[in-house]
Amino acid sequence: MTRPLEIVFLGLSLSSSWGNGHATTYRALIKGLRLDGHRVLFLERDVRWYASHRDLASPDFCELDYYSEIDTMIELYRERLRRADAVVVGSYVPDSVALIGKLVALELKRLCFYDIDTPVTLAKLDRGDEEYLALKQIPLFDAYFSFSGGEVLARLERRYGARRAIALYCSVDEDCYANTGEPRSWDLGYLGTYSPDRQPTLERLLLEPARRLPSMRFIVAGPQYPAQIDWPANVERIEHLAPADHASFYSRQRFTLNVTRSDMIAAGWSPSVRLFEAAACATPIISDFWRGLEELLPDGEALIIARGAQDVVAALTELSDGRRSAIAAAARKRVMRGHTGAARAGELVRALSELPANPAYQRISA
């Protein structure tokens, strides 16, 4: 397919980045698609917790509409859905098991799933939890786009029955993420919503170093942290940081911390969008370890892997400014070459061009 494509996304959220990493992922990808001339409609379930925290209610790079009832939305957009070159359902969409069933019944040209939470999804399915995807639905998709690559792709096909499992990592919006040149405010920072499985790592790699280095400044930005957390006096807190403020936030840190959820560590090959954002801002990254990380950003060359508090303390107290800058520059070069929204959009379009149209759609349209 060399002509511009029509793609419909049904995702968790495009309008609000509050408490989720989906919105920034979709924004970078869809902006990349728009740059190449493709037309995108994003359909978002209208829920109160995002409606009250919208930071991009009217994007200029795609159409965005909200719906409350699945049946009403499908009736309104039936022809648009059937005409689309691809309809892509994202992970964690409310009531998406029912939604997917209704989309399958439309016999669309190409129906795909974009799993922005692949390790979490598979762990849930293994427990019999089909909150937003039923096991029997996986073989129905023409392609299963996954936030995780490596061994996870073979597992999706062999164990779960995916027809085609294709890595489609998160990406960074190159127009929004670059170093701002602002003076440094913190020695180490972290950006992320509270998660019980990430908290022990945050304790080990940020709060404990903060206790050992009382003269240094630390910050944690993100919502939903329990009130009972014992924050050291030199750790500043920001409850919510809008995407427009991310570049400034990263640029004002001497180092930033990347912490990975346990399911993603177990799966491997699951980079977070925060990893790419920080690298694009030329902020040196200290990260926990998972398989596949060094294929993206080699330890000691493009980031620093820390397994304990002492590794963080050593980086903060022993690494020269020249070495720190070289690590940051190497990470930025890698990310800008292969992990921008434009790069990811190209990967998606190439993958869709290799998918044959649904034979049922071809019969109905003939």
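Calculation criteria
Residues numbered from 1 in each chain as written. Predicted model: local features only at pLDDT ≥ 70, side-chain atom pairs only at ≥ 80, totals over all residues. Heavy atoms only, no water. UniProt positions renumbered as here; feature names shortened; annotations may be inferred. Helix = DSSP H or I, 4+ residues; strand = E, 2+ residues; numbered from the N terminus. Buried < 20%, exposed > 50% of the residue type's maximum accessible area, 1.4 Å probe, protein only. Contact = heavy atoms within 4.5 Å. 1 Å grid on protein atoms, 1.4 Å probe; cavity = no way out; pocket = protein on both sides within 12 Å on 5 of 7 lines; lining within 4 Å. Points joined across faces, edges and corners; volume = space filled by probe spheres on them. Nonpolar A, V, L, I, M, F, W, Y, C, P; charged D, E, K, R; others polar. Domains from an automatic or database assignment.

Caption draft 1: Region of the structure containing the UniProt feature "domain: Spore protein YkvP/CgeB glycosyl transferase-like" (unreviewed entry) in the protein. Within this structure's numbering, the places UniProt gives as "domain: Spore protein YkvP/CgeB glycosyl transferase-like" (unreviewed entry) are residues 199–349. Taken as a whole, residues 199–349 contains 50% helix and 13% strand, while its terminal C-alpha atoms sit 37 Å from one another.

Caption draft 2: Spatial organisation of the environment of Arg261. With respect to the secondary-structure elements, Arg261 resides in the loop between β11 (253–258) and α9 (262–267). With a relative accessible area of 29%, Arg261 lands in the partly exposed category. A C-alpha to C-alpha distance of 9.6 Å links Arg261 and Ser272, two positions 11 residues apart in sequence. Apart from residues no more than four positions distant in its own chain, Arg261 is found in contact with Val120, Ser195, Asp197 and Arg198.

Caption draft 3: Focus on the layout of surface pockets. Space inside the largest pocket adds up to approximately 950 Å³. What lines the largest pocket is a set of 39 residues, and nearest its centre among them are Gly19, Asn20, Gly21, Asp117 and Arg261. Residue assignment for the lining of the largest pocket shows that the elements contributing at least two residues are α1 (22–35), α2 (48–51), β8 (186–191), β11 and α10 (273–280). The class makeup of the residues in the lining of the largest pocket is 21 nonpolar, 13 polar and 5 charged. Built from parts of two domains, the lining of the largest pocket gets at least three residues from each of domain 1 (6–171 + 343–354) and domain 2 (186–339). Looking at the second largest pocket, its volume works out to about 260 Å³. Arg27, Asp173, Cys176, Pro243 and Ala244 are the residues nearest the centre of the second largest pocket, which is lined by 17 residues in total. Contributions of two or more residues to the lining of the second largest pocket are made by α1 and α10. The residue inventory of the lining of the second largest pocket, partitioned by class, reads 10 nonpolar, 2 polar and 5 charged.

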